[in-house]
Structures are given as structure tokens and as C-alpha cells.
Amino acid sequence: MAGRPSDTEILEAVEAYAGRRGAGGRATAPGAAALTWTTLLDFRIVRSLKTHGERPMREPGSRKDIANRPTYTVLDSHPVPPPEDPEQARSWTLVLEGSLGEEPCAGCDGGTNKCGACRGRGVRDCPRFVDCPVCEAGPDACWECEGTGRSRSRRPPHWRPGTSAADRAARVRCVRCRTDDVACPKCRGRRRLDCPECGKSGQVECTACSGAKRVTHPECRGTGRFTVWTEGWIRHTPHRDRERRLGRRDLRRATGNTGDWHENVLRRTTDKLPDDLDDSDEALIAPHLTPRKDEVARRATLRRLPLAHVRVHADPHRDYFAFPTHTGIVVLSRPTGERVRHFAALGTAAALLVTLVAVLAMVLLR
Ligand SMILES: [Zn+2]
Ligand SMILES: [Zn+2]
Ligand SMILES: [Zn+2]
Ligand SMILES: [Zn+2]
Ligand SMILES: [Zn+2]
């Protein structure tokens, strides 16, 4: 792999780094350090996969615009250009050659049907009269004839017990029995009023058809016909896959941001993985490169970063890690696993000792 530093360069960088930190030990001296290489790996592939299908279409009206759409004869082999960028999703809508036609609507007559609400009359029946809301069409319509026109008596006074003076004063001459000051002021003794809706005619315009007697057929949107055709669709959809081996979690930020990753990009199914790829890495990645059915484009990106692990024998409690960046070799150090456990044990021992001293002090002070 291009850009991989030599072992000597790595050891020199570690020695300089350790020196700056005041840690002794000459890493470059023969046999003074052990160096092992690993390769961090970040592989991604995005493929553009082609899918297609057909469906019967039926839309209301005379859709002249459908004739302007591109047509196909065999959808499977219909040519569409592969995407420049496999990340890009695209779709085509086509019309099967010779499938476009029109058919009359079977559910109406020329786009309309007889109005169901008025049964095609354009009007609906309405009572000619309504009850008087003041006397409620009861005996209060007239205190003399009760709205019948036949006087029951001539005896005064002409009022009902329990009626107020204001009520009595509002009374008018009855149109039925022609007695003064006895009738309901609203209906004048008639008990009912002319219907305000139909004006006594007995019919009102049908609200469902506005009097037109026919209503628009919603299914064909009043056109009385349908446009029918077979639609074919083709889609290019991106599918992504990845394989990663990014090494120690606590080094990922540094290696990811500053590492001089070596990149290979494969765009054709015939493009080969680089020769210098480890066999185990090739075994990991090769299955991801197998061409998929209906694959029309791909972009596979293989990125690798060599990472050196150095143990300096004179400085056994630290692990050194080094990797190339664009500006040189970066070295990082971490306490060894043994060192971390050692300090954890020391911490526990110290805590125990503090507890013991405290107990002893309490005993002595009693
Ligand atoms: Zn219709
Ligand atoms: Zn009416
Ligand atoms: Zn009367
Ligand atoms: Zn009345
Ligand atoms: Zn109607």
C-alpha cells in the first residue's frame, strides 16, 4: 500500500513522542521494541438497482395528455440510461404501445344521473302551512272561537284566566269569528301561518340538484367516459452496504479525522480489488462485490489506514499507536490493559486502608 511508513520511521516517531513526554527508552535500538501492523478498513458500496412493473390505469375523462407520454413495447428491455451517480434515485412512467383508449362510463348517462333526492322532479314537497309559534296552534289562537270560527259564547269578558294585562292588550280582531281583541296577534286566529319556505305553494326546489333534476356522476366526474391504458414504470433505487473494521474505539476519532487513508474506488462489476489487500480482508469484502440482479451502476469505496502498535520494553506500561497523516506520523499512547488493572487494584487497596484507619480511630476514641 502506498503511503505506509517503514518500521524505522514509526519507531523514530515513537521515540521522539516518548522523549517529549519524559518517558525513557530508545525505541529505535535493536530489539528495544516490538512493532505489529494492522490495517483499519472502511468499505462501502452503493448500487443502483433497477425495478419495473406494469399496472392497468383508468382515469375519468378524456386524458389527451397521456398520448404525450413516452411509450414502450417490452418493459424488460426498454432502454433507460444508467445513473451517473448510483446514489441518485430516478423513475420513469411509460405507456404500453397501443394500450391507450377511451370507454364510456357504465354508471351514468353522459356524465349525469337522475337526482335520487327528488326522484328527478327537481322539486320536493313542502307543507303549505306551519303552526303558529305564538299560540302553538292551540285554543289560544282565539279566546272566542279557539280558531274554529264558531263562537262558543258571547259572554264577556273574553279572556282566559291567568293571562296578563299586556297579553290581553296585544290581542287583535279574529279573522275567523270577527270578534275584536281576542285573537293571537301573530296568526289572527288562524292557528297557522303560510309556510315561509314554499310561500304556500307546497313545493321547494330540490337542494341536491338545484332544480336541475339530474346530478353529476362523481366516478367519471361528469365526463361520461374513462381513459384507459397500461402503465409501465421503471425505477433506479440506491442500495447501500458496508463493511468496517475501525480498530480500538478510543483511537477512532484520531484515525478517522487525521489518518491518511488510502482510497480505491471501483465503478464497474469487472473492477478488481487492489493486489496488496490481505487475503482475510479480501475474503471479507469480495462477497459484497458480487453483481446483483438488475444492478445498473455501482460505486464501491475501499479505504485503508495502516496502524502500528508499538511496545517499548523499557516502558512496559504504555501502548504506543502510530499511523500516517498528510503531514507526517501521528503517535498516541494509552496505558496498557495490565497497567489499568494495576491502578484499579491500588485504588481498591487504598480505599480499604482508609476504612481500616477510620475503624481503628473510632475504637481507640471510645
Ligand atoms: Zn359516469
Ligand atoms: Zn312549505
Ligand atoms: Zn275567533
Ligand atoms: Zn297564533
Ligand atoms: Zn333533485
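Residues numbered from 1 in each chain as written. Chains lettered and ligands numbered in written order. Predicted model: local features only at pLDDT ≥ 70, side-chain atom pairs only at ≥ 80, totals over all residues. Heavy atoms only, no water.

We now examine the coordination of the zinc ion (ligand 4). Those protein atoms acting as donors to the zinc ion (ligand 4) are Cys-132 (SG), Cys-135 (SG), Cys-184 (SG) and Cys-187 (SG), and they sit at 2.2 to 2.4 Å. What the four donor atoms of the zinc ion (ligand 4) show is an angle range of 103 to 118° at the metal, which sorts the shape as tetrahedral. For the zinc ion (ligand 4), all donor residues lie on one chain, and their spacing in sequence is C-x2-C-x48-C-x2-C. Here Cys-132 falls in the buried class, since its relative accessible area comes to 1%. (Donors = N, O, S within 2.8 Å, 3.2 Å for Na, K, Ca; no water. Tetrahedral: all angles 85-135°; square planar, octahedral: opposite > 155°, others 65-115°. Buried < 20%, exposed > 50% of the residue type's maximum accessible area, 1.4 Å probe, protein only.)

On to the nonpolar core. For soluble globular proteins, nonpolar side chains are generally found buried alongside one another. The biggest cluster of nonpolar side chains holds 14 residues, and the ones touching the most others in it are Ile-10, Val-14, Val-310, Val-312, Tyr-320 and Val-331. When contributions to this core are tallied by element, the ones reaching two or more residues are helix H1 (7–20), strand S13 (295–312) and strand S14 (318–325). Those residues in contact with Tyr-320, other than ones at most four positions away along the chain, are Val-14, Tyr-17, Ala-18, Ala-23, Ala-308, His-309, Val-310, Val-312, Asp-315, Val-331, Leu-332 and Ser-333. Phe-43, Leu-266, Leu-273 and Leu-277 belong to the second-largest nonpolar core, a separate cluster that totals ten residues. (Core = buried A, V, L, I, M, F, W, Y, C linked by side-chain atoms within 4.5 Å. Helix = DSSP H or I, 4+ residues; strand = E, 2+ residues; numbered from the N terminus. Contact = heavy atoms within 4.5 Å.)

Turning to helix H4 (residues 279–289), a few remarks are in order. Within the sequence span of H4, burial applies to Asp-281, Ile-285, His-288 and Leu-289. Along H4, the residues classed as buried sweep out an arc of 95° about the axis, all on the same side. The exposed set on the far side of H4, more than 90 degrees from its buried face, consists of Asp-279, Ser-280, Ala-283 and Pro-287. On its buried side, H4 packs onto strand S1 (33–60), strand S11 (225–245), strand S12 (262–266) and S13. (Arc of directions from axis to C-beta.)

Attention now goes to a positive patch on the surface. Where like charges cluster on the molecular surface, the positive patch consists of Arg-128, Arg-176, Arg-192 and Lys-200. Take Arg-192: its relative accessible area is 37%, and that puts it in the partly exposed class. (Patch = residues over 30% accessible without salt bridge, like charges linked within 9 Å, V, L, I, M, F, W, Y side chains within 5 Å. Areas by Shrake-Rupley, 256 points an atom, 1.4 Å probe, with all protein chains shown as cover. Salt bridge = Lys/Arg side-chain N within 4 Å of Asp/Glu carboxyl O. Lys, Arg positive; Asp, Glu negative; His and termini not counted. Charge placed at Lys NZ, Arg CZ, Asp CG, Glu CD.)

All right, on to the packing of aromatic side chains then. One pass over the structure, following the stated rule, counts one aromatic pair. Ring centres 6.0 Å apart and planes at 85° place the aromatic pair Tyr-17 and Tyr-320 in the edge-to-face group. Pair noted here: Tyr-17 is in helix H1 and Tyr-320 is in strand S14, with a separation of 303 residues, a long-range link. For the pair Tyr-17 and Tyr-320, a shared accessibility class is recorded, and that class is buried. (Phe/Tyr/Trp six-rings, centres within 6.5 Å; stacked < 30°, edge-to-face > 60°.)

With that settled, the discussion passes to the coordination of the zinc ion (ligand 3). Every protein donor of the zinc ion (ligand 3) is accounted for by Cys-142 (SG), Cys-145 (SG), Cys-174 (SG) and Cys-177 (SG), and the metal-donor separations fall at 2.2 to 2.3 Å. Within one chain, the residues donating to the zinc ion (ligand 3) are spaced in sequence as C-x2-C-x28-C-x2-C. Residue Cys-145 is located in the loop between strand S7 (129–131) and helix H2 (165–170), and its partner Cys-177 is located in the loop between H2 and strand S8 (192–194); the two are separated by 32 residues in the primary sequence. Judged on exposure class, the residue Cys-145 and its partner Cys-177 are both buried.

Let us now look at the environment of Arg-176. Mapped onto the elements, Arg-176 comes out in the loop between H2 and S8. Distance in space between the C-alpha atoms of Arg-176 and Cys-142 is 8.7 Å, their sequence separation being 34 residues. Reaching out from Arg-176, the side chain makes a polar contact with the backbone oxygen of Gly-147 at a distance of 2.9 Å. (Polar contact = N/O pair within 3.5 Å; in protein donor to acceptor, adjacent residues only side chain to side chain.)

Here the focus is the confidence of the model for the protein chain. Predicted confidence across the protein chain gives a mean pLDDT of 90, with 89% of residues reaching 70 or more. Highest mean pLDDT in the protein chain belongs to S11 (97); lowest belongs to helix H5 (residues 337–365) (64). (pLDDT = per-residue confidence, 0-100.)

All told, the structure shown has 28 salt bridges when counted by the stated rule. A salt bridge links Arg-173 to Asp-180; its shortest N-O distance comes to 3.2 Å. Overall, Asp-180 belongs to the partly exposed group, its relative accessible area being 45%. Notably, a salt bridge pairs Asp-271 with Arg-268, separated by 3.2 Å at the nearest N-O pair. One connected set of salt bridges, linked through shared partners, spans Asp-42, Arg-44, Arg-242, Glu-263 and Arg-303.

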